[in-house]
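What the coordinates show
Now for the letters of each chain:
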Amino acid sequence: MRRQWFPSLLLAVGLGIAVPTVVVAGETDGNLDDDLPGLLVLDEHGDPLYLNASASFLPDLGTELQQVEEGMQHIAGVEWAVDDEGLDRPDWIREQVRSIEIRIARLFGLAANTPLDSGSVTALRLSNARSTLRRLGTAQSRRAVVPAAQERMDLAAAGGTVVGTVTDDLTAQPIKNILLMAWQYQDGLVIIKKARTDASGAYKLAGLAAGKYYIEAIDAAKTAVYAAEFYDDLPWHVFSRSTPVIVKEGITTAGIDFGLERGGRILGTVTYADTGLPARGAALYLAFPAVKPGTQFTVVVTTDSNGQYDYRRLAGPLNALVYRLWCYATEGYVDMGYDGVYVNPGPGFSSLTPIDLQPGETRRIDFSLVRDAETAMISGKVTERASGASLPGVIVEVWDIYDRMRVAQVQADAGGFYSAGPFWSGVYGLVATPSAVTGYATQVYKNRGVGALYTPVTAIADQDIDGIDFALEKWGGIAGKVYDQSNKNPIQPGLFIIYVPIATPKRYYLPAYVDEQGRFTHSYLNPQNDYRVFTQVDPGSGYVDEMYKNISCGETGCDMNNPDWDWSVGTKITVRSGETTGNINIGLAK
């Protein structure tokens, strides 16, 4: 199977994927089905949101290219600093240049599968990166990659000073000859000053103009022992997320200390399970958190002609780093994560087994890739939940969860049976979409409703999958009236239905239209989910918003953007198949 790299995704609501930070609004023109109520994806400001490939666990092309460009600027600056100190270049510099080289080659391959014309900004950036890389390590590269501000570092005025000590994080003993560099970001990463630690581990970066700096400590020995890091406790890959040091004119900023870890290492070999031969060109994604929980940074290496990969100088648990590893296989083989995980890890790699790398530890992790065979069929039956009767004619879509693309669309036969495929080995999500005239609601397997978490269906070579069944229910609804509590006159405020799909705490907001008589009806709600209702009045109206039933929103307001608002205090509204729950009336007071 030839996997495509899509710069944009098909509207994810068609699959019912719960996408973080978005709300789903109903009753608008959309593209799920010409006869169905449309669905619009909005951000927290109410603006249309166009999803992109960063929703996948892999970084999108632009993000990865930016990491590559910053990596080249960084390594060119380190080369310059090491050379200027009269030191022999550490072996890891050569390894890093090689890693960037294979990463750029891989990005060229990804770009070939996008609608990318040769004159686009991304194409030009890729070409420039490759040209710059070829000059890396030469005097010319320092002019090309490192801006001229670096050459002026010795001309700085008295300025401010940064001082601190560098110790072994495990033993607390001082480390001599560690190279300290003060970086700034001036349309690129620039070294402004450098210094080395003395026998007591102390360093001094003097003559720094007032401003914001990123301070880095590296072991510049030929055979480096310690993992480099930026202040405060972040690996050297992520300078832009490190803690900046603010320098003021004539002031000494003390206590910018480093406790370096002995560098860990993760290496291994990727082979093909069917032949035992090495897998050349497989991409290994190593993810680790940066700055705070929930964020991550991804480093990529590619296997060589012997199928080998190697991550060196990795900081570990003393820097609160836990790694997760994923192998993006070569064509024709199944991608897999460390510890035999085959499912798509999703944003954050959270489903993968963590690797707790200790300081100085070398961990060997090999991968044996299973061939991707186009032999798996997926089949099942579509019925009505209440009666168990067969439902012919329902469209069943199969989505490749990895690539976020629809790979099949079939129709249930007269007996309600469907069969789709054959499919490659992989992970799939299914959704049943009845015709609007039947009145049945769209259903995500194995749960209900747009935004519901789907149950992944994992297809393995030569193993057909049966029993992927759907039991459909008819759309339900909510209806009611909004009025002035004192005189019972109708009010026409904005009104939202809070929708919490089965099997997920994620909530979405469905706007409902209120007419001039204060009446509203929303007729396309999946039954058995969790619903609540709240108003959004014009601030100048004098009315106080409420949640149903009789829950005043007060001064803070019932607001999806208000982090202090507890939406769960509203009365839960039950929606049943084929029924409209009425009398959801809200009387507003001034």
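Residues numbered from 1 in each chain as written. Predicted model: local features only at pLDDT ≥ 70, side-chain atom pairs only at ≥ 80, totals over all residues. Heavy atoms only, no water.

1. Here's the deal with the overall build of the protein chain
Helix and strand counts for the protein chain come out as four helices and 37 strands. Summed over its atoms, the accessible surface of the protein chain is roughly 25600 Å², and 49% of this surface lies on carbon and sulfur atoms. (Helix = DSSP H or I, 4+ residues; strand = E, 2+ residues; numbered from the N terminus. Areas by Shrake-Rupley, 256 points an atom, 1.4 Å probe, with all protein chains shown as cover.)

2. Thoughts on the sheet that holds strand β24 (residues 417-423)
Picture the strands of a sheet paired through backbone hydrogen bonds; they go either parallel or antiparallel. Strand order in the open sheet formed by three strands is β24-β21-β28, and the pairing between neighbours is mixed. Two strands close off the open sheet at either side, each with one partner strand: β24 and β28 (470-472). In this sheet, adjacent strand axes meet at a mean angle of 20° when their direction is disregarded. (Pairing = 2+ DSSP bridges. Axes fitted to C-alpha atoms, helices over the stretch in contact; angles between N-to-C directions.)

3. Here we look at helix α3 (residues 121-135)
Taking 1.5 Å of rise per residue, the 15 residues of α3 would be expected to cover 21 Å, and the 21 Å separating its terminal C-alpha atoms lies within 8% of that figure. Three or more residues of α3 are buried, namely A123, L126, A129, T132 and L133. (Expected span 1.5 Å × (residues − 1). Buried < 20%, exposed > 50% of the residue type's maximum accessible area, 1.4 Å probe, protein only.)

4. Here's the deal with a negative patch on the surface
Together, D462, D464, D466 and D469 line one region of the surface with negative charge. Here D464 lies in the loop between β27 (457-459) and β28. Using a relative accessible area of 54% as the deciding quantity, one classes D464 as exposed. (Patch = residues over 30% accessible without salt bridge, like charges linked within 9 Å, V, L, I, M, F, W, Y side chains within 5 Å. Salt bridge = Lys/Arg side-chain N within 4 Å of Asp/Glu carboxyl O. Lys, Arg positive; Asp, Glu negative; His and termini not counted. Charge placed at Lys NZ, Arg CZ, Asp CG, Glu CD.)

5. Overview of the pairing of strand β3 (residues 160-168)
Strand direction decides the pairing type here: β3 and strand β6 (residues 202-208), joined by five bridges, are antiparallel. Paired with V162 across the bridge in β6 is L205. Strand direction decides the pairing type here: β3 and strand β11 (residues 252-253), joined by two bridges, are parallel. Bridging across to β11, V162 finds its partner in T253. Sheet topology note: the β3/strand β12 (residues 258-260) ladder contains three bridges and is parallel.

6. Quick word on the pattern of salt bridges
Two side chains of opposite charge can pair, provided their charged atoms sit close to one another. Counted under the stated rule, the structure contains 14 salt bridges. Residue R125 pairs with E69 through a salt bridge whose shortest N-O separation is 2.8 Å. With R125 in helix α3 and E69 in helix α1 (residues 61-84), this pair connects stretches of sequence that are 56 residues apart. Given a relative accessible area of 26%, R125 falls into the partly exposed group. Judged by its relative accessible area of 22%, E69 falls in the partly exposed class. Each of D84, E85, K194 and R196 takes part in a single network of salt bridges with overlapping partners.

7. A word on the pairing of strand β21 (residues 376-384)
Examined bridge by bridge, β21 and β24 share five bridges and lie antiparallel to one another. Looking at the pairing, I378 lines up with A420 of β24.

8. What to know about the confidence of the model for the protein chain
Within the protein chain, residue pLDDT values average 78, and 77% of them lie at 70 or more. Here residues 1-59 is modelled with pLDDT under 50, and outside its nearest four sequence neighbours on either side it reaches 159 contacts, counting other chains as well. (pLDDT = per-residue confidence, 0-100. Contact = heavy atoms within 4.5 Å.)

9. Some remarks on unusual backbone geometry
Cis rather than trans, the peptide bond between Y231 and D232 has omega equal to 10°. By the secondary structure assignment, D232 is in the loop between β8 (229-230) and β9 (234-235). One non-glycine residue with positive phi stands out, namely N177, at about 65°. Locating N177 in the fold gives a position in the loop between β3 and β4 (178-185). Overall, the relative accessible area of 37% leaves N177 in the partly exposed class. The phi dihedral of R313 falls on the positive side, at around 55°, and the residue is not glycine. Looking at where R313 falls in the secondary structure, it is placed in strand β16 (residues 308-314).

10. Considering the environment of G542
Secondary-structure assignment places G542 in the loop between β33 (530-536) and β34 (546-547). Taking the C-alpha atoms as reference points, G542 and K590, 48 residues apart in sequence, are found 5.4 Å from one another. Once residues lying within four places of it in the same chain are set aside, the contact partners of G542 are A589 and K590.

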